[in-house]
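Geometric and topological summary
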Amino acid sequence: VLIREEMGKFARELLGMALSRRGDRETYGDLSCGCGGRAKFKQNRKYRVGTVLPGKVVEVEAAYYVCETCRRGSTPLLAELGTDGDMATVGLQELTVMAGVLAPYEEASGILSKFAGLAVSDSRIQTKCLEEGDAVQKQEFAIQTESREARGDAVCVAIDGGMIHVDNRGQEAKLGVIFGEDDR
């Protein structure tokens with residue numbers, strides 16, 4: 001454990017330096033904004049980014065931009081890393097969801113701590129799992145619907161739910177089926 005912690009600290013420092021260098025003003029220059037305007041460099045900002053490295057948090061300094069038209073701010077490095085609202089990288093988000101799928105949320109938190117040296121709360125694991133489930137559900141429904149609409153088939157949807165015991169409380173599990181009239 002001591003070696004993992006020390007190596008994690010060293011790796012986080014190296015990654016922080018590399019990301020700070022990657023996220024500097026020279027890397028991006030002026031940017032175009034989604035509104036059609038130009039985003040100009042405003043300042044460097046410090047961020048605490050969650051990673052899969054033991055100890056989790058990496059200190060990063062990156063260029064922050066503001067659009068001259070809509071005044072929306074952005075940090076291109078964070079977008080490039082795919083960070084979420086809690087500043088977790090895609091890798092940490094994926095590992096969090098995987099742990100939450102394999103074990104109840106409270107146990108998943110312990111597993112991440114014990115085996116990866118990561119402190120992720122059971123409520124955070126639950127939130128990420130629910131967000132990911134919603135996103136997958138929307139994506140699959142859109143794909144199914146587009147496929148049916150392209151062929152001109154009628155789309156049928158059936159949904160049912162039942163209560164299951166999760167994390168010492170009842171929770172409704174839902175099941176949905178999407179099919180065409182001819183596929184019954």
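These figures come from a predicted structure and were not determined experimentally.

Definitions and cut-offs
- Residues numbered from 1 in each chain as written.
- Predicted model: local features only at pLDDT ≥ 70, side-chain atom pairs only at ≥ 80, totals over all residues.
- Heavy atoms only, no water.
- Salt bridge = Lys/Arg side-chain N within 4 Å of Asp/Glu carboxyl O.
- Helix = DSSP H or I, 4+ residues; strand = E, 2+ residues; numbered from the N terminus.
- Buried < 20%, exposed > 50% of the residue type's maximum accessible area, 1.4 Å probe, protein only.
- Pairing = 2+ DSSP bridges.
- Axes fitted to C-alpha atoms, helices over the stretch in contact; angles between N-to-C directions.
- Parallel < 35°, antiparallel > 145°, perpendicular 65-115°, else oblique.
- Left-handed = near helix turned anticlockwise from the far one by under 90°.
- Contact = heavy atoms within 4.5 Å.
- Nonpolar A, V, L, I, M, F, W, Y, C, P; charged D, E, K, R; others polar.

Okay, the pattern of salt bridges next. On inspection of all chains with the given rule, the structure shows seven salt bridges. The partner of lysine 40 in a salt bridge is aspartate 30, with the nearest N and O atoms 3.0 Å apart. Highlighted residues: lysine 40 in strand β2 (residues 38-50) and aspartate 30 in the loop between α2 (25-28) and β1 (31-32), separated in sequence by ten residues. With relative accessibility at 37%, the residue aspartate 30 sits in the partly exposed group. Here aspartate 86 ties to arginine 124 by a salt bridge, and the two come within 2.7 Å at their closest N and O atoms. One end of the pair, aspartate 86, is in the loop between α3 (76-81) and α4 (90-102); the other, arginine 124, is in helix α6 (residues 122-151), with 38 residues separating them in the sequence. The network of salt bridges with shared partners includes Asp84, Asp86, Arg124, Lys128 and Glu131.

This part covers the sheet that holds β2. In space, the four strands of this open sheet follow the order β1-β2-β3-β4, with antiparallel pairing throughout. Every other strand in the sheet has two partners, leaving β1 and β4 (73-74) as the edge strands with one partner each. For β1 and β2, the ladder comprises two bridges, and the chain directions are antiparallel. Directly across from serine 32, in β2, lies its bridge partner arginine 38.

Summarising the sheet, strand β5 (residues 155-166) and strand β6 (residues 169-180) pair through twelve bridges and their orientation is antiparallel. In the sheet register, histidine 165 faces β6, and the bridge partner there is glycine 170. Turn length for the β5-β6 hairpin, with the two strands adjacent in sequence and antiparallel, is two residues, and the turn residue aspartate 167 shows positive phi of about 50 degrees.

Viewed as axis vectors pointing N to C, α4 and helix α5 (residues 105-116) meet at an angle of 130 degrees, and their least axial separation amounts to 8 Å. Taken together, α4 and α5 sit at an angle that is classed as oblique. In this structure, α4 meets α5 at a crossing whose hand is right-handed. Here Leu95, Thr96, Ala99 and Gly100 of α4 come into contact with α5, specifically with Tyr105, Ala108 and Leu112. The residue inventory of the contact of α4 with α5, partitioned by class, reads five nonpolar, two polar and no charged.

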